[in-house]
Amino acid sequence: MSELFVELFSEEIPAKLQINARNELKKNIKNFFIENQIKFNENFNVYSTPNRLVLHINKIASEIKLNSEEIRGPNVNAPDKALEGFIRSNNTTLEKIFKKSTEKGEFYFFKKESRKIKVSDLLEKNLSEILTKITWNKSMKWANYDLYWGRPLKSILAIFNKKPLNFVFNHINSSNKTFTDKSLEEGLKIFNDFDSYIKFFKQKGILIDQDLRKKIIRLMK
Amino acid sequence: MVYKTQKKTLSFQDTIFNLQKYWSKKGCVILQPYDLEVGAGTFHPATTLRSLGPKPWKTAYVQPSRRPTDGRYGDNPNRLQHYYQFQVLIKPSPKEIKKMYLNSLSSIGINYEEHDIRFVEDDWESPTLGAAGLGWEVWCDGMEVTQFTYFQQMAGVECKPVSVEITYGLERLSMFIQNKKSVFDLIWNDEGITYKDVFHKSEKEFSAYNFEYANTDNLFKIFEMLEEETKLLVEKKISLPAYDQCLKCSHVFNILDARGVISVAQRAEYIARIRELTKSIGKVWIESQS
């Protein structure tokens, strides 16, 4: 079982927008896991500070098994071009295509064998889209970029099973590093798991968990 | 690099000098105040017009800002009808702008590490400029000292690239630095001249003009004349002189507003008229930029 840990570092996001962003990120990632039939611990959390939006999910299956399936292609009476396209899009050859009758007529079919897919590969391929799906109640653009975000997004840290996930989100390349200093954005540090991340920031007096912060503030009153 | 906290308390004028020097080193064109009455540094054409169009631009300047309704005859320690803003505009907004800003505070003796600096949500809109932006007001130990805005729209046009605008309220900042309770007690220079010596009489007299003596019949006529002139210059496609006339319209409107002769419905109508002028000027300006 693996751990997914993503941190989106930005300039100060207002409190209400943080709630909006946490909920959106949670919803989108959950939908992604369900749609792709990836087993995961549904009691996961999304945290935020003004500068950091953090996703942490553990007990995720490291790979998924896709069962073999028969994929229906064009009708046998369709032009040859349709069949050629079907062969190409399934990355196969004519020998592996067979005809089969259905209620709607006779069609070409292709049998896709069962196979295993690494969840890390799926995440690298889809995280950019998952982030794009975040609907902000209010968002902005900055500099020359086309990205809309709550406030300027500066870096993305993404780790799966202690290894960096590499993907590109608009003008930003993900990595295993983040800024340790929110003011001058100078110190960069590598993190390979969520535990070392929260411990490091706790030592610096920063609590990533908003509920914990709330609790402590209430106790101080 | 972090500047060391300076021991000597900065005078009002040294605060300005230091900010000018700091932003000059960051490559900004240091301009002098625009020579017309405006409500804020944003109205200077170096911000309004220069934030439109694709060309990069960096500037910083002091802008006297006139807000007739805010006058208090020099009796209120915090309210003025004429005050100073220090304005920075950079297009496109640089990646390290927050760091640049925090270091600019160090240059005037406010070390960000020794103070509680907060970026508090404050989205900005100017109905007369047809402008909007997202950003923060920056608090230093609980007091607002700066507006920090990423322009999204100006003169009704989407900004591309996006400019960042940093506006320091110089009196407030100085009151914080000098630890003064009244703006009039601010030390202006090292000779002991105070803000009161320089501006108290003018606050008193302009408050009287804005609230009591401004000839409103004439001002209504002047507004019409200026509006007509702006439209004519827009037709001639000379955006800068057109914008000057529009700024004058805006100030005349502000005085009429202070005189209390504009109803709620009229207010919205006048604002819309000024916005239309700004939009048409913005269009001419952008055409001249490509």
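Residue and element names in this part refer to chain A. With respect to topology, five strands assemble into an open sheet ordered 2-3-1-9-10, the strand pairing being antiparallel. Strands at the two margins of the open sheet, each flanked by one partner only, are strand 2 (45-48) and strand 10 (163-164). Relative to strand 10, strand 9 (residues 153-160) runs antiparallel, the two being bridged by two bridges. Pairing of Ile 159 across the sheet is with Pro 164, part of strand 10. Against the sheet, helix 4 (residues 194-203) touches strand 1 (2-10), strand 2 and strand 3 (52-60), its axis set at about 145 degrees to strand 3.

Right, let's get into the side chain of Gln 18 of chain A. Relative to the helices and strands, Gln 18 of chain A resides in helix 1 (residues 15-35). Leaving out residues up to four positions away in the same chain, Gln 18 of chain A has contacts with Ile 13, Ser 48, Thr 49, Pro 50 and Arg 213 of chain A.

A few words on the interface of chain B and chain A. If you look at the interface, chain B gives 22 residues, while chain A gives 22 residues. Between chain B and chain A lies a buried interface of about 2000 Å² when both sides are counted; carbon and sulfur atoms form 49% of it. Inspection of the region where chain B meets chain A yields six salt bridges. The salt bridge involving Lys 141 of chain A is made with Glu 158 of chain B; its shortest N-O contact spans 3.3 Å. Taken together, chain B and chain A are joined by 14 residue pairs in polar contact (both at pLDDT 80 or more).

The rules behind these values
- Residues numbered from 1 in each chain as written.
- Chains lettered and ligands numbered in written order.
- Predicted model: local features only at pLDDT ≥ 70, side-chain atom pairs only at ≥ 80, totals over all residues.
- Heavy atoms only, no water.
- Pairing = 2+ DSSP bridges.
- Helix = DSSP H or I, 4+ residues; strand = E, 2+ residues; numbered from the N terminus.
- Contact = heavy atoms within 4.5 Å.
- Axes fitted to C-alpha atoms, helices over the stretch in contact; angles between N-to-C directions.
- Buried area = accessible area lost by both parts, 1.4 Å probe.
- Salt bridge = Lys/Arg side-chain N within 4 Å of Asp/Glu carboxyl O.
- Polar contact = N/O pair within 3.5 Å; in protein donor to acceptor, adjacent residues only side chain to side chain.

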